[in-house]
Amino acid sequence: MAGHGARGRGGGRPTLEEVAARAGVGRGTVSRVINGSPRVSDATRAAVEAAVAELGYVPNTAARALAANRTDAIALVVPEPETRFFAEPYFSDMLRGVGAELGETEMQLLLIFAGSDRERERLAQYLAAHRVDGVLLVSVHADDPLPDLVAQLEIPAVISGPRSAAETLTSVDSDNFGGARSAVEHLLSRGRRRIAHITGRLDVYGAQCRVDGYREALRAAGHQADERLIVPGDFTEEGGRRAMATLLERYPDVDAVFAGSDVTAAGARQVLREAGRRIPDDVALVGYDDSAIARHMDPPLTSVRQPIEEMGRAMIDLLLSEIADRRPAATRDLERRHAVLPTELVARASS
């Protein structure tokens, strides 16, 4: 028989990971083939079946029996008010990526808002009843109790943007530090010297990383960051307006602004125009996300592109792998994965 007596790395029984590596696909894809899902291409199915035969892989029958108890549903949990979800392009892009990747499976997607205490309590009861096979957590703040709740319930979960450098859940993020650094380096290369930063919510780890990238770019160029040029924002347009007004009071001669999001940059632009500042002649402006807002702004906004749709796809791929992995949670914790996708500066007329 093909693959008879095959052994995995270390001489043990071949693993799902080894089958995936041999076939050149993800763990979730191997699981779908083994479980007979029709949402796999013929070429992919043939590659996985060949790898199974070659390695002599034998599916864990106990795990497959447990699969019968699945709900075939995944929850996308957003601990924000619905108004913010529908106002910011980040969320729609994330949802588009999640939906596209999940469309290749039998799974249903549930969108759940948990921006209030009551909504969180209702969500906790829902998750405790194990009505979903896995959870995607998006836009989580540092003090949010939801990730710990999900971990205690031992529900497979992936978080978009870790809560800290010590995140215990599997996570997907973009290179916030590098993205911010490239934005400030771009402004310095344009001859700007009094560069301000309107931050995102500083209880979000990604926003903290962007502040660090801002400081590092200035330090590397021989400039010391003036902390009064760093004004807290909250990723919203109104937050951008408030922060820009504060900056103009402190430094009427500010000549560049790096905003924590495109939406924030739109708010800052409005205040600059009302104050008679020309963009980019008087003040250069750079945003973050490279959303449709950036492309349609007047003048078009230079922005740091983060691959939000790809992040959504990566979250699904990792979550399906965790769902397929039925080992004890304590064992899986040793193998938590943290994917960081690259960013890219897109220069336009605003800088």
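Just so it is clear, the structure is predicted and the values come from calculations on it, not from any experiment.

What counts and how
Residues numbered from 1 in each chain as written. Predicted model: local features only at pLDDT ≥ 70, side-chain atom pairs only at ≥ 80, totals over all residues. Heavy atoms only, no water. Buried < 20%, exposed > 50% of the residue type's maximum accessible area, 1.4 Å probe, protein only. Helix = DSSP H or I, 4+ residues; strand = E, 2+ residues; numbered from the N terminus. Pairing = 2+ DSSP bridges. pLDDT = per-residue confidence, 0-100. Contact = heavy atoms within 4.5 Å. Axes fitted to C-alpha atoms, helices over the stretch in contact; angles between N-to-C directions. Polar contact = N/O pair within 3.5 Å; in protein donor to acceptor, adjacent residues only side chain to side chain. Salt bridge = Lys/Arg side-chain N within 4 Å of Asp/Glu carboxyl O. Right-handed = clockwise from strand over helix to strand, strands pointing away.

### Describing the pairing of strand 1 (residues 73–78)
Part 1: Counting buried residues along strand 1, six of its six residues qualify, which places the element largely inside the surrounding structure.
Part 2: Burial of strand 1 is two-sided: the residues A73, A75 and V77 facing one way and the residues I74, L76 and V78 facing the other way are all buried.
Part 3: Pairing of strand 1 with strand 2 (residues 108–113), which is carried by six bridges, proceeds in the parallel orientation. Of the residues in strand 2, the one forming a bridge with L76 is L111.
Part 4: Judged from the four bridges that link them, strand 1 and strand 3 (residues 134–138) form a sheet pairing that is parallel. Looking at the pairing, I74 lines up with G134 of strand 3.

### As for the confidence of the model for the protein
Keep in mind that low pLDDT regions are not for reading the predicted coordinates in detail.
Part 1: With 89% of its residues at a pLDDT of at least 70, the protein reaches an overall mean of 87.
Part 2: For the stretch residues 1–10, pLDDT sits under 50, and the model shows 15 contacts to residues farther than four places along the chain or on other chains.

### A few points about the sheet that holds strand 7 (residues 230–231)
Part 1: The strand order 7-6-8-9-10-12 describes an open sheet built from six strands, whose pairing is mixed. A strand with exactly one partner marks an edge of an open sheet, and here the two such strands are strand 7 and strand 12 (344–346).
Part 2: Both strand 6 (residues 195–198) and strand 8 (residues 256–259) contribute to a ladder of four bridges, which runs parallel. Residue H197 lies in a different strand from strand 8, and its bridge partner there is F258.
Part 3: Where helix 10 (residues 205–220) meets the sheet, it contacts strand 6, strand 7, strand 8 and strand 9 (284–289), and its direction lies at approximately 170° from that of strand 6.

### Comments concerning the sheet that holds strand 4 (residues 157–160)
Sheets are built from strands paired through backbone hydrogen bonds, the pairs being either parallel or antiparallel.
Part 1: Strands sit in the order 2-1-3-4-5-11 across an open sheet of six strands; the sheet is parallel. Edge positions in the sheet fall to strand 2 and strand 11 (338–341), since each of these pairs with one other strand and no more. The average undirected angle you get between the axes of adjacent strands in this sheet is 20°.
Part 2: The pairing of strand 3 with strand 4 spans four bridges and is parallel. Note on strand 4: the bridge partner recorded for V138 is S160.
Part 3: Against the sheet, helix 14 (residues 308–324) makes contact with strand 1, strand 3, strand 4, strand 5 (170–174) and strand 11, and its axis sits at roughly 170° relative to strand 5, the strand it touches most.

### As for the side chain of D144
Part 1: Note on placement: D144 falls in the loop between strand 3 and helix 8 (146–152).
Part 2: When its relative accessible area of 5% is taken as the criterion, D144 is described as buried.
Part 3: Within the structure, D144 has its side chain in polar contact with the backbone nitrogen of L146 (distance 2.8 Å).
Part 4: Aside from chain neighbours lying at most four places away, what touches D144 is P79 and R120.

### Here's the deal with the pattern of salt bridges
Part 1: Tallied over the full model, the rule gives 22 salt bridges.
Part 2: D93 is the salt-bridge partner of R96, the closest N and O atoms lying 2.8 Å from each other. Of the two residues, R96 and D93 are both situated in helix 6 (residues 89–102); the distance of three residues between them amounts to about one turn of the helix.
Part 3: Judged by relative accessible area, which is 43%, R96 ranks as partly exposed.
Part 4: Here D93 falls in the buried class, since its relative accessible area comes to 18%.
Part 5: In this structure, D298 and R273 form a salt bridge, with 3.7 Å as the shortest nitrogen-oxygen distance. Here D298 is found in the loop between helix 13 (292–296) and strand 10 (302–305), whereas its partner R273 is found in helix 12 (residues 262–274), with 25 residues between them in sequence.
Part 6: Residue classification places D298 among the partly exposed residues on the basis of a relative accessible area of 47%.
Part 7: One salt-bridge network, held together by shared partners, links D234, E237, E238, R241 and R242.

### A short note on the environment of A129
Part 1: Note that A129 resides in the loop between helix 7 (117–128) and strand 3.
Part 2: Exposure remark for A129: the relative accessible area of 43% places this residue in the partly exposed category.
Part 3: Separated by 24 residues in the primary sequence, A129 and L153 place their C-alpha atoms 9.6 Å from one another.

### Some details on the pairing of strand 4
Part 1: The alternating pattern of strand 4 places A157 and I159 and V158 and S160 on opposite faces, both of which are buried.
Part 2: Note on the crossover from strand 3 through helix 8 to strand 4: the handedness is right-handed.
Part 3: Bridge count for strand 4 against strand 5 is three bridges, and the pairing is parallel. Within the sheet, the bridge partner assigned to S160 lies in strand 5 and is V172.

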